[in-house]
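# What the coordinates show
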Amino acid sequence: MDDPPVRPTRRPRSSSRRTLLVGAVAAASGAAIIGRLWELQIVRSSEYVVRAEANRTRQEVVSPVRGLVFDRNRTQLVRNIPIFDVWVMPGDIPNNQLPNIATMLAELTNENSSELETAIRLGQGRPLDPIRIIRDVGRETALIIKEKTLDFPGITIRDSVKRKYQYGQVMGQIVGFT
């Protein structure tokens, strides 16, 4: 008896369909990811640049208030007098508005506008570090600046203290300056 001829076995059609289906799903997934990356990085990049600029972390140094000093007879030798300081965040001031802001601020505080502008420009190398540009402005001036916050972007008023020694600055040498 002769054996019938042996036919070569073919792979079942279902495995080639599965391979084709998996490849199609992988290609569609890759195309979807590439499309989304294109949208985020090319089409909508300007929107995310604006959001990134607004999303900054700021560190603010808070100085401790120094204590009062009394002598052995309970006479107060040192007082802390509250004052207002003008601070600027250089990164928050648009370059095209800097001369106008410096001029308006100089008019309110009786300072030199070119010196204020120079101080702010020097601080632009570190745009997230606040700079104190004017110390000890009057209460009324500080309130006006706070009211005009929209006219002064990047300018803030902070409370501070100034030490006053009963016996003048000579006492400051003994007790210690601020």
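Here, the structure is the one placed above.
Calculation criteria
- Residues numbered from 1 in each chain as written.
- Predicted model: local features only at pLDDT ≥ 70, side-chain atom pairs only at ≥ 80, totals over all residues.
- Heavy atoms only, no water.
- 1 Å grid on protein atoms, 1.4 Å probe; cavity = no way out; pocket = protein on both sides within 12 Å on 5 of 7 lines; lining within 4 Å.
- Points joined across faces, edges and corners; volume = space filled by probe spheres on them.
- Helix = DSSP H or I, 4+ residues; strand = E, 2+ residues; numbered from the N terminus.
- Nonpolar A, V, L, I, M, F, W, Y, C, P; charged D, E, K, R; others polar.
- Salt bridge = Lys/Arg side-chain N within 4 Å of Asp/Glu carboxyl O.
- Buried < 20%, exposed > 50% of the residue type's maximum accessible area, 1.4 Å probe, protein only.
- Lys, Arg positive; Asp, Glu negative; His and termini not counted.
- Polar contact = N/O pair within 3.5 Å; in protein donor to acceptor, adjacent residues only side chain to side chain.
- Core = buried A, V, L, I, M, F, W, Y, C linked by side-chain atoms within 4.5 Å.
- Contact = heavy atoms within 4.5 Å.
- Arc of directions from axis to C-beta.

### Considerations on the layout of surface pockets
Where empty space is left becomes clear once a probe the size of a water molecule has been rolled over the atoms. Of the voids in this model, the largest pocket is the one considered here, and its volume is about 420 Å³. Lining the largest pocket are 18 residues; nearest its centre among them are V61, V62, S63, D159 and S160. Elements that contribute at least two residues to the lining of the largest pocket include exactly β2 (76-88), β3 (131-137) and β4 (155-165). A per-element tally of the lining of the largest pocket places β4 first, with 5 residues. Its residues placed into classes, the lining of the largest pocket shows 6 nonpolar, 4 polar and 8 charged.

### What about the pattern of salt bridges?
Where charged atoms of side chains with opposite charge meet at close range, the side chains can pair. Inspection of every chain in the model, using the stated rule, returns 10 salt bridges. Linking R126 and D129 is a salt bridge whose minimum nitrogen-to-oxygen distance equals 2.8 Å. Residue class for R126 comes out exposed when judged on its relative accessible area of 57%. Using a relative accessible area of 31% as the deciding quantity, one classes D129 as partly exposed. Via salt bridges that share partners, R36, E39, R44, E47 and R51 belong to a single interconnected network.

### Topic: the side chain of R163
Relative to the helices and strands, R163 is located in strand β4. Here R163 sits buried without a salt bridge, and the closest side chain of opposite charge, D85, lies 14 Å off (N-O distance). Polar contacts involving the side chain of R163 include one to the main-chain carbonyl oxygen of G67, which spans 2.8 Å. There is a polar contact of 3.0 Å between the side chain of R163 and the side chain of N80.

### Some remarks on the nonpolar core
A general trend in soluble globular proteins is that nonpolar side chains are found buried together. Formed by 18 residues in total, the largest nonpolar core has its most connected members in V86, L105, I133 and I155. Of the residues forming this core, the biggest block, 5 residues, is contributed by helix α3 (residues 98-109). Excluding anything up to four places from it in sequence, V86 contacts L105, I131, R132, I133, I134, V137, I145, I155, T156 and I157.

### Quick notes on helix α5 (residues 139-147)
For α5, the full list of buried residues reads T141, A142 and I145. Take α5 and look down its axis: the buried residues cluster within an arc of 100°, on one side only. α5 presents R139, E140 and E147 as exposed residues on the side facing more than 90 degrees away from its buried surface. Of the surrounding secondary structure, the elements contacted by the buried residues of α5 are β2, α3, β3 and β4.

### Considerations on unusual backbone geometry
Backbone geometry at R74 places phi at a positive 65°, although glycine is not the residue there. Positionally, R74 belongs in the loop between β1 (69-70) and β2. Of note, the phi angle at N110 is positive, near 60°, even though the residue is not glycine. Residue position: N110 is located in the loop between α3 and α4 (113-123).

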